[in-house]
Amino acid sequence: MKRILTNNLKISANKFPERNAFKQLQTEITYADLAAKSNQVARHLKKLGNQKGDRVGIFINRAIESCYALYGILMAGCVYVPIDTNLPTQRILTLINDCSINTIISTHAFKKQIIGVLDIKSTLRHLVGISDLDSDTISCWDWSDILTLDESSLDINIKADDNAYIIYTSGTTGHPKGIVHTHQSGGSYAKLSADLYQVTHTDILGNHSHLHYDISTMGYLTLPSVGGCTYIVPEAHTMFPTSLAQLISKEKMTIWYSVPLALIQVMQSGAFGTLDYSALRWILYGGESFALKHVEHLRKYLPHVEYSNVYGPAEVNQCTYYNYDKDSVLSEPIPIGSVWPETDIIIMKDDKDSESGELLVASSTQMKEYWNQKERTQSSFISQPDAHGEMRRYYKTGDIGSLNLDGDLVFLGRKDRQVKVRGYRVELNEVESVLLQHNEIDEVAVYALKEKDANVIYAKVKGKFDDYNERTLKKYLSNLIPLYSIPQEIEVVQQIPRTTAGKVDYKALIK
């Protein structure tokens, strides 16, 4: 079935014109208003000379304008490229020039960052959302210039295999990777996720993620496909766990989706135990493993909720799920579970005696390519026969997995997180998992450094220690993992470095 993201908005605007599509604090936007504003943005983009397939940047962080910027770009037949507003100027320019972006949509809140970009040569020619900039090379347009245009939709023949959005992630070579998704792959994710989690027009999803992370696609693509409401969590609330917990309760959110860290911080604040969360029915988490002890605490706070461990690299949106509730018997590590529809996964084992191997994924939700990186794209895919003997294009995830005794997939780590120590193979993720089982440890990061041509393992831990003793902690590890995999040094820190997505920033650790 052909899937086109703009059709989802049109259908919801017709069926639920007065229902809220997006909300943030006191600002609300209905589906009728979202469709109208998106069409106005689309008309302005055409007026500026943008053609079908052109890339348009979104330089907005956690603001209501992001929703009609995104759909306005899609309605124009263009491709939206969300840009992290916290990036250094040179990195922003790299993304602009890599995608040949000539138009960026922003707001006055990011005027300072935009000024830094304007002074350097780039493909940028038009700026929407900030009008009071002094520039001889960039045309600037205020939102008031756009939101008075014709509200009717443009007649553009958008096809399922047309590019829809590009999400940039860090590349191992230092050059960012632009993951290209089409209307078909984005629309397939919206359809499959809505079906899996029974999402309807009555749902309110808490969107905790920045637009430039793939977790945001559930709020921006899935909920609009069924007429649900996405609540864009303000930046200030993400920094204060207590206020975040209050927001989830006050707004009667029915679905929450974030990295585990956000949930851990709210639990540690104690706020979950004092408020009404009867509306909440699903908690989804992904991006990192969720330690079993934290999950058990969460289930005590919210016993009526169903939980889902979501797995899928940004290149495939999502491909597996492990759903459980208060009665499910869990063990460490929590599985990534079952393969969802329209998807096939192969465990590519190193040898016939091995139980684990790299996960290869073929799915209707997978990316088209890496932008402007033909060789990387070719090396990231492999043709293999599926269970029916038909040849399919599989994405090589770089993730290592296996099947447990119940037939569920289990994530074991990354190929690039596997190191050799004195000739032995060590999974750094496994060392982290064992450390997290310690009662006094809340967060952990294990990494390896090359010293005198040999790998040396280090660990940083955060927790509440009555009397920290590194020797005692190493003795604890010696009963659970081989001696060669015990970190040489285990340091207690006040903070584990994190990316803006909430994941452990290993690059910051090894600098």
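Look up a bit, the structure's there.
All of the points below concern the structure found in this document.

1. Points about the overall build of the protein
Then step 1. A tally of regular secondary structure across the protein gives 16 helices and 27 strands.
Then step 2. Relative to the globule expectation of 24 Å for 511 residues, the C-alpha radius of gyration of the protein, 23 Å, shows essentially globular dimensions.
Then step 3. Each principal axis of the C-alpha distribution contributes one length, and for the protein these read about 70 × 50 × 50 Å.
Then step 4. When each of the 511 residues of the protein is scored for burial, the buried share is 56%.
Then step 5. Once local pairs closer than 6 in sequence are excluded, the contacts in the protein between residues at least 24 apart make up 64%.
Then step 6. When the accessible area of the protein is evaluated, it comes to approximately 22400 Å², of which 48% is carbon and sulfur surface.
Then step 7. The distance from the centre of the 54 positive side-chain charges to the centre of the 60 negative ones in the protein is 3 Å.

2. Some thoughts on the pattern of salt bridges
Pairs may arise between side chains of opposite charge once their charged atoms sit close together.
Then step 1. Overall, the coordinates contain 22 salt bridges when judged by the stated rule.
Then step 2. Taking the shortest distance from any N to any O, the salt bridge between Asp150 and Arg43 comes out at 3.7 Å. Of this pair, Asp150 sits in the loop between α6 (143–146) and β8 (163–169) while Arg43 sits in helix α2 (residues 31–47), and the two are 107 residues apart along the sequence.
Then step 3. By relative accessible area, which is 24% here, Arg43 ends up partly exposed.
Then step 4. Residue Lys111 is joined to Asp132 by a salt bridge in which the shortest nitrogen-to-oxygen separation is 3.2 Å. Taken together, the positions of Lys111 in helix α5 (residues 111–118) and Asp132 in the loop between β6 (126–128) and β7 (139–141) put the pair 21 residues apart, joining distant regions of the chain.
Then step 5. Assessed through its relative accessible area of 26%, Lys111 is described here as partly exposed.
Then step 6. A single network of salt bridges, built from pairs that share partners, joins Glu288, Glu443, Lys462 and Arg498.

3. Overview of the sheet that holds strand β25 (residues 441–451)
Then step 1. Read from one edge to the other, the open sheet built from three strands follows the order β25-β26-β27, with strand pairing classed as mixed. Because the sheet does not close on itself, it has two edges, and the strands there are β25 and β27 (489–492). Strand-to-strand twist in this sheet, taken as the mean axis angle between neighbours without regard to direction, amounts to 20°.

4. Points about the side chain of His294
Then step 1. In this fold, His294 is placed in helix α12 (residues 292–301).
Then step 2. Polar side-chain contacts of His294 include one of 3.1 Å to the backbone oxygen of Asp442.
Then step 3. In this structure, His294 is in contact with Ile264, Met267 and Asp442, ignoring residues within four places of it in sequence.

5. Comments concerning the nonpolar core
Then step 1. Residues Phe22, Leu34, Ile104 and Ile105 are the most contacted members of the largest nonpolar core, which totals 66 residues.
Then step 2. With near-sequence residues (within four places) excluded, Phe22 lies in contact with Thr27, Glu28, Ile29, Leu34, Ile64, Cys67, Gly219, Tyr220, Pro224, Cys229, Thr230 and Ile232.
Then step 3. The next biggest cluster of nonpolar side chains, apart from the first, holds 29 residues, and it includes Tyr231, Leu244, Tyr322 and Tyr324.

6. So, the sheet that holds strand β2 (residues 27–30)
Then step 1. The sheet built from nine strands is open, its strands ordered β2-β1-β11-β10-β12-β13-β14-β15-β16 with mixed pairing. Looking at strand neighbours, the two that pair on one side only are β2 and β16 (338–339), the edges of this open sheet.
Then step 2. Direction of pairing for strand β10 (residues 204–207) relative to strand β12 (residues 255–258): parallel, over a ladder of three bridges. Counted as the bridge partner of Asn207 is Tyr257 from β12.

7. Quick look at helix α4 (residues 89–98)
Then step 1. Among the residues of α4, Ile92, Leu93, Leu95, Ile96 and Asp98 are the ones counted as buried.
Then step 2. Positive backbone phi, at 50°, marks Ser100, one or two positions downstream of α4.

8. Focus on a negative patch on the surface
Then step 1. Judged by side-chain charge, Asp350, Asp351, Asp353 and Glu355 come together as a negatively charged surface patch.
Then step 2. Tracing the backbone through its elements, the reader meets Glu355 in the loop between β17 (343–349) and β18 (356–363).
Then step 3. With relative accessibility at 59%, the residue Glu355 sits in the exposed group.

9. Some thoughts on the packing of helix α7 (residues 183–196) against helix α8 (residues 217–226)
Then step 1. Remark: α7 packs on α8, axes separated minimally by 9 Å, with the N-to-C direction vectors making an angle of 70°. Between α7 and α8, the crossing angle belongs to the class labelled roughly perpendicular. Packed against α7, whose contacting residues are Gly186, Tyr189, Ala190, Ser193 and Ala194, the element α8 presents Thr217, Met218, Leu221, Thr222, Ser225 and Val226 at the interface.
Then step 2. Looking at side-chain class alone, the contact of α7 with α8 contains six nonpolar, five polar and no charged residues.

10. As for the pairing of β25
Then step 1. Counting buried positions along β25 gives eight out of 11 residues, so the element sits mostly inside the fold.
Then step 2. With 10 bridges joining them, β25 and strand β26 (residues 454–463) adopt antiparallel strand pairing. Looking across to β26, one finds that Ala445 is bridged to Lys460.
Then step 3. Connecting β25 to the next strand, β26, in antiparallel fashion are two residues, including Lys452 with a positive phi near 55°.

11. Brief notes about the packing of helix α3 (residues 65–75) against α8
Then step 1. Across the interface, α3 lies against α8 with an axial gap of 11 Å and an inter-helix angle of 75°. By the angle between their directions, the pair α3 and α8 is classed as roughly perpendicular. Residues Ser66, Cys67, Leu70 and Tyr71 of α3 pack against Tyr220, Leu221 and Pro224 of α8.
Then step 2. Across the contact of α3 with α8, the residue classes break down as six nonpolar, one polar and no charged.

12. Some words on the pairing of β17
One face of the sheet, then the other: side chains in a regular strand alternate in exactly this way.
Then step 1. In this structure, β17 lies alongside β18, joined through seven bridges in antiparallel fashion. Paired with Lys349 across the two strands is Gly357, which belongs to β18.
Then step 2. Hairpin connection between β17 and β18: a loop of six residues separates the two successive antiparallel strands.

13. Topic: the side chain of Glu315
Then step 1. With respect to the secondary-structure elements, Glu315 resides in the loop between β14 (306–311) and β15 (320–324).
Then step 2. A distance of 2.6 Å separates a polar atom in the side chain of Glu315 from a polar atom in the side chain of Tyr370.
Then step 3. Once residues within four sequence positions are removed from consideration, Glu315 is found in contact with Lys177, Ile179, His181, Thr365, Gln366, Met367, Tyr370 and Tyr395.

Basis of the calculations
Residues numbered from 1 in each chain as written. Predicted model: local features only at pLDDT ≥ 70, side-chain atom pairs only at ≥ 80, totals over all residues. Heavy atoms only, no water. Helix = DSSP H or I, 4+ residues; strand = E, 2+ residues; numbered from the N terminus. Rg over C-alpha atoms; globule rule 2.2 N^0.38 Å. Buried < 20%, exposed > 50% of the residue type's maximum accessible area, 1.4 Å probe, protein only. Contact = heavy atoms within 4.5 Å. Areas by Shrake-Rupley, 256 points an atom, 1.4 Å probe, with all protein chains shown as cover. Lys, Arg positive; Asp, Glu negative; His and termini not counted. Charge placed at Lys NZ, Arg CZ, Asp CG, Glu CD. Salt bridge = Lys/Arg side-chain N within 4 Å of Asp/Glu carboxyl O. Pairing = 2+ DSSP bridges. Axes fitted to C-alpha atoms, helices over the stretch in contact; angles between N-to-C directions. Polar contact = N/O pair within 3.5 Å; in protein donor to acceptor, adjacent residues only side chain to side chain. Core = buried A, V, L, I, M, F, W, Y, C linked by side-chain atoms within 4.5 Å. Patch = residues over 30% accessible without salt bridge, like charges linked within 9 Å, V, L, I, M, F, W, Y side chains within 5 Å. Parallel < 35°, antiparallel > 145°, perpendicular 65-115°, else oblique. Nonpolar A, V, L, I, M, F, W, Y, C, P; charged D, E, K, R; others polar.

Limitation: the analysis is restricted to geometry and does not speak to function.
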